[in-house]
Amino acid sequence: MESALALEYQRICNDPAVYQPLAYLRLRRAIRNIVERRAIEPGQTLPSERDLAQTLKLSRVTVRKAIAGLVEDGLLHQRHGAGTFVAERIVKPMSRLTSFTEDLRERGLSPRSEFFERSVGEVTPEESMALNLSPGSLVARLHRVRYGQDEPLAIERSAVPASLLPDPMLVSDSLYEALERFNARPRRALQRLRAVSLNANQARLLHVSAGSAGLNIERRSFLDDGRVVEFTCSWYRGDIYDFVAELQTD
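Residues numbered from 1 in each chain as written. Predicted model: local features only at pLDDT ≥ 70, side-chain atom pairs only at ≥ 80, totals over all residues. Heavy atoms only, no water.

Caption draft 1: View of the overall build of the protein. Counting its secondary structure elements, the protein contains eight helices and ten strands. Taken along the three principal axes of its C-alpha coordinates, the protein extends 70 × 45 × 30 Å. Burial status across the protein gives 45% buried among its 250 residues. Put simply, 58% of the contacts in the protein that link residues at least 6 apart link residues at least 24 apart. (Helix = DSSP H or I, 4+ residues; strand = E, 2+ residues; numbered from the N terminus. Buried < 20%, exposed > 50% of the residue type's maximum accessible area, 1.4 Å probe, protein only. Contact = heavy atoms within 4.5 Å.)

Caption draft 2: Spatial organisation of the pairing of strand β8 (residues 213–222). Here β8 lies mainly inside the structure; seven of its ten residues are buried. In the sheet, strand β7 (residues 188–197) pairs with β8 via ten bridges, with the strands oriented antiparallel. Residue pairing in the sheet places Arg-194 in a bridge with Asn-216 of β8. As paired strands, β8 and strand β9 (residues 228–237) are joined by nine bridges and run antiparallel to one another. By the bridge assignment, Phe-222 is partnered in β9 with Val-228. Hairpin connection between β8 and β9: a loop of five residues separates the two successive antiparallel strands, and Gly-226 in this loop has a positive phi of roughly 95°. (Pairing = 2+ DSSP bridges.)

Caption draft 3: How the structure looks around empty space enclosed by the protein. Across all of its chains, the model carries one cavity of 30 Å³ or more by this definition. Estimated volume of the largest cavity: approximately 260 Å³. In terms of lining, the largest cavity is formed by 23 residues, of which the most central are Thr-98, Phe-100, Glu-156, Arg-219 and Tyr-236. Among the elements of the structure, α5 (100–106), β5 (138–148), β6 (151–161), α7 (175–180), β8, β9 and β10 (241–244) are those that each provide at least two residues to the lining of the largest cavity. The leading source of residues in the lining of the largest cavity is β9, at four residues. For the lining of the largest cavity, the class distribution of residues is seven nonpolar, eight polar and eight charged. (1 Å grid on protein atoms, 1.4 Å probe; cavity = no way out; pocket = protein on both sides within 12 Å on 5 of 7 lines; lining within 4 Å. Points joined across faces, edges and corners; volume = space filled by probe spheres on them. Nonpolar A, V, L, I, M, F, W, Y, C, P; charged D, E, K, R; others polar.)

This is the structure:
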């Protein structure tokens, strides 16, 4: 990887079409290029600042500045005491209705949740419309941060009719696994995705900078008989998640 980066950095220095006058910008572009070409794979470690500085004949301040910009962009990830890694992105196909927990387990990651709320209360006007419930109906509510390993990935607020989930404390991690106990696992869903900038509180919970790119996903899930079983609003980190849809002609 180090030799590939050195060659790419030299190419950028000698190519007037892509030349940048500042060394840290040239290095930032070189690292981005080799990552995008998969000369270094997601999850792999970058050489140390000292090794990069010696190989490329740059100051450690220049190397540090180049890396800091790519960490902010989400291309690289730093772990205290372990080094700098190429960020691993989670690709979520939109053709199957699966839970967050199932998606992470398929990728060999350990999901967990940090709960802020697990309660039952009277339905709000917004929940009433989304769940097709009458005013005064009861809903189970979940508010949590979803993690993969120790990395926060999404903030999630869910509402489920209490008739289908009478005790939200039964949800230890997967909502769908809890619903399955009551024969109420969703069979289909409608989703709406929007690009958003994460506010200060969301960014703090997701360990990113305020204003970072995120994805807001609103999901309404249904049972076979047409009843709405779930209304969930989620805010995903844009630097980690890719949502992929397959399109076909008629």
